[in-house]
Amino acid sequence: MTKAEFRLETLTCPACVSKIDTAVSNLEGVQSVKVLFNSSKVKVEFDNTKIDAEKIENTIKKLGYPVLSSKVS
Amino acid sequence: MIEYINKNKNMFTASSGILTAIGFASGLFGNVEIKNMLLLAASITGGIPIMLKAFQALRLRVFSIELLVIIAIAGALFIGEYTESSVVAFLFLFGAYLEARTLEKTRSSLKELMDLAPLEAEVLREGKAVTIPVEEVEIGDRVVLRSGSKVPVDGKILVGKAYINEAAVTGESVPASKSEGDWVYSGTLVDNGYIEFEAERIGDDTTFAKIIELVEEAQESKTSAEKFLNKFARYYTPAVIILSVIVYLITRNIRLSITFLVVACPGALVIGAPVSNVAGIGNGAKHGVLIKGGEVMERLSKVNAAVFDKTGTLTRGCPEVSSIAAFNGWNENELLGLAASAETISEHHLGQAIIKEAEARGIELSPVSNGEIIKGSGISVYAGNHKLLLGNRKLIKDNSISIPEDVLKSADKKEKDGNTVVFAAVDGKIAGLFAIMDQIREDAKSALENLRRNGIKKIVMLTGDNSQTARLIASQLNIDEVYAELMPQDKVGQVKKLKKEGYVVAMAGDGINDAPSIAAADIGFAMGKSGTDVSMETADVVLMADKLSQLSHAYVLSKATIKNMKQNTYFAVAVVFILLMGVLSGNVHLASGMFIHEASVLLVILNAMRLIGYKSA
């Protein structure tokens, strides 16, 4: 199980949370997603044999939320 | 393309604003054609980023506010109301921009905290000091700290002495003196001094990283009102679309139905409660009080009975010499020096108090010999050419030394004041008394008064200590009820009893023996200075500097936060209601409706921002 944390540009609408949540949790290999609205972070747990952090980052970007930095552990 | 639009949203906002302005200006000169062209261009420029967001959300089957707005803009264009469509598009984008800016401010406390995170560390590797990024520090590394440097990781001091500003962890900005054996915490700042310490907790395990995580999670945890509003919003938006269609079917008036769409946007209602909460939790974190989320905030504001453990919570938890009386020609400091030297052979906490007092007064200790510990009474020691006895009455009696009347009287008085008295006899004669007391924390009285002023109806003290000392402290602090000589399970019983009587109970304690009663209370306060993970994880509110003034601040802050949240919610509901009335009576139009809507959102954010600088005293 790999954990990744993405820092996004400031999230402003609570609706963004459900958008990111739905999109990322629909990816294959993603176990859990937590979107922190107030700190503008996305915490993801995933199976690194099925998906990598870069792919998750791209999904978030495609939704229209620029990723400022990411941390994988 | 999508990324480009999102990145340059501000440019779209500005262009649509400028186009709208020029459009109006040319309208003033009677150029209706040019005006309409410009306003159409403004509507489209502003509409593109809104439509994009609406579309992206819709693809994930989420009905967003943007969807409502874009339908309204399209509707206005359709009936040829270019003025309205351009103003709506611009105001919506501009409002969102202002909201983002002000929202950042309500979150600023957490950001300020995160900015305190250390970036690099100076460590000794192969005897040489090298500077490395903080991520590369390993457990066991010897870390060097100089005046002005930031502590990179947690660890115990090996050599050196320094004053450290621990505001990042405790909220307390008066520098603390630290030396060999003391813990230093990541994120704190060396005021002056030099230290070498061994790294023991790194990365996400440091106290500082845990605080950040706790605050982050706390800000996400929602109050029950917020949870309700979130659920509500999910059905509200599609419901508004359906309603506006119904309005159209009944009235056959496109104008009215699209105005209805815009004014019914749930903006201030959805954002009002969370911003108050975030600002409140942020204020707490800045003062060294970690309140774990909106639900805790809500419950804390309802507390009306406070239960305190005595030792370590209301008192400092370490006995101190409160007074010394010297007799028979001895002088205070001489006697203290002798007694402290003698007590070095004992590990009794009363003996430690005497040694600490001597150190505080700068008295040097001398070597002693033939020390003997007499269980249950005291010690007997040779210091220089004197024979010294230190202990309770029994020790003095057993050595058949008589206690003069005046000494006896003075001892009785000290004991009545809540002290434990240690007798000192030198060469067979009484030389003095040490009165030792576990002192009340200096902020206890004002903190309890503050609690009472703000709505606590009952203050209770529980202790395992004897009832005479307990009663004395209780009367000094105006505590309503005291229960002494309790076992941990008795404390739980008292908390449960209060709850049964209908009180909402907060419990504050420090040691492991208080953990069950902290868990049993509606709100558990834990002292976090000792940095034990257990207390930080189980309690609802953590006081990072172990200060009772922080406890009263937390309580008053929670009341202010909940009040702020209510103001925002009532205000938002009132605005929606007034707008709907205005639309139905024909007084509010599309553009003015959008303006009022955006202004109300900004007002609730500004209202919440007042909490950031809130002070309880």
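Rules used in this analysis
- Residues numbered from 1 in each chain as written.
- Chains lettered and ligands numbered in written order.
- Predicted model: local features only at pLDDT ≥ 70, side-chain atom pairs only at ≥ 80, totals over all residues.
- Heavy atoms only, no water.
- Salt bridge = Lys/Arg side-chain N within 4 Å of Asp/Glu carboxyl O.
- Helix = DSSP H or I, 4+ residues; strand = E, 2+ residues; numbered from the N terminus.
- Buried < 20%, exposed > 50% of the residue type's maximum accessible area, 1.4 Å probe, protein only.
- Contact = heavy atoms within 4.5 Å.
- Buried area = accessible area lost by both parts, 1.4 Å probe.
- Polar contact = N/O pair within 3.5 Å; in protein donor to acceptor, adjacent residues only side chain to side chain.
- Phe/Tyr/Trp six-rings, centres within 6.5 Å; stacked < 30°, edge-to-face > 60°.

## A few points about the pattern of salt bridges
Residues and elements named next belong to chain B.
At step 1: Per the stated rule, a full pass over the model turns up 22 salt bridges over all chains.
At step 2: A salt bridge links Arg 142 to Glu 196; the nearest nitrogen and oxygen atoms lie 2.6 Å apart. Of the two residues, Arg 142 sits in strand 3 (residues 142-145) while Glu 196 sits in strand 7 (residues 189-201), which places them 54 residues apart along the sequence.
At step 3: You can call Arg 142 partly exposed: its relative accessible area is 31%.
At step 4: Accessibility expressed as a relative area gives 12% for Glu 196, which makes it buried.
At step 5: Arg 452 is paired through a salt bridge with Asp 480; the nearest N and O atoms lie 3.2 Å apart. Here Arg 452 is found in helix 18 (residues 444-453), whereas its partner Asp 480 is found in the loop between helix 19 (467-476) and strand 17 (481-483), with 28 residues between them in sequence.
At step 6: For Arg 452, a relative accessible area of 31% corresponds to the partly exposed category.
At step 7: Residue classification places Asp 480 among the partly exposed residues on the basis of a relative accessible area of 40%.

## Observations regarding the interface of chain A and chain B
At step 1: If you look at the interface, chain A gives 21 residues, while chain B gives 22 residues.
At step 2: Summed over both partners, the interface of chain A with chain B comes to about 2,100 Å²; 54% of that surface belongs to carbon and sulfur atoms.
At step 3: Together, Thr 12, Lys 19 and Asn 38 of chain A form the three largest contributors to the area buried by chain A at its contact with chain B, with a combined 30%.
At step 4: Remark: the boundary between chain A and chain B carries 1 salt bridge.
At step 5: Our count for the chain A to chain B interface comes out at 0 residue pairs in polar contact (both at pLDDT 80 or more).

## Focus: the packing of aromatic side chains
Residue and element names in this part refer to chain B.
At step 1: This model, assessed by the stated rule, comprises 3 aromatic pairs over all chains.
At step 2: Aromatic side chains Phe 90 and Phe 94 sit 5.5 Å apart centroid to centroid with 15 degrees between the ring planes, which places their arrangement in the stacked category. Highlighted residues: Phe 90 and Phe 94, both in helix 5 (residues 82-106), separated by 4 residues, approximately one helical turn.
At step 3: Exposure remark for Phe 94: the relative accessible area of 33% places this residue in the partly exposed category.
At step 4: When the ring of Trp 183 is compared with that of Tyr 185, the centres are 6.3 Å apart and the planes differ by 10 degrees; the resulting orientation is stacked.
At step 5: The partly exposed category is assigned to Trp 183, whose relative accessible area is 22%.
At step 6: Given the relative accessible area of 10%, Tyr 185 is considered buried.

That is the geometry; function is a separate question.
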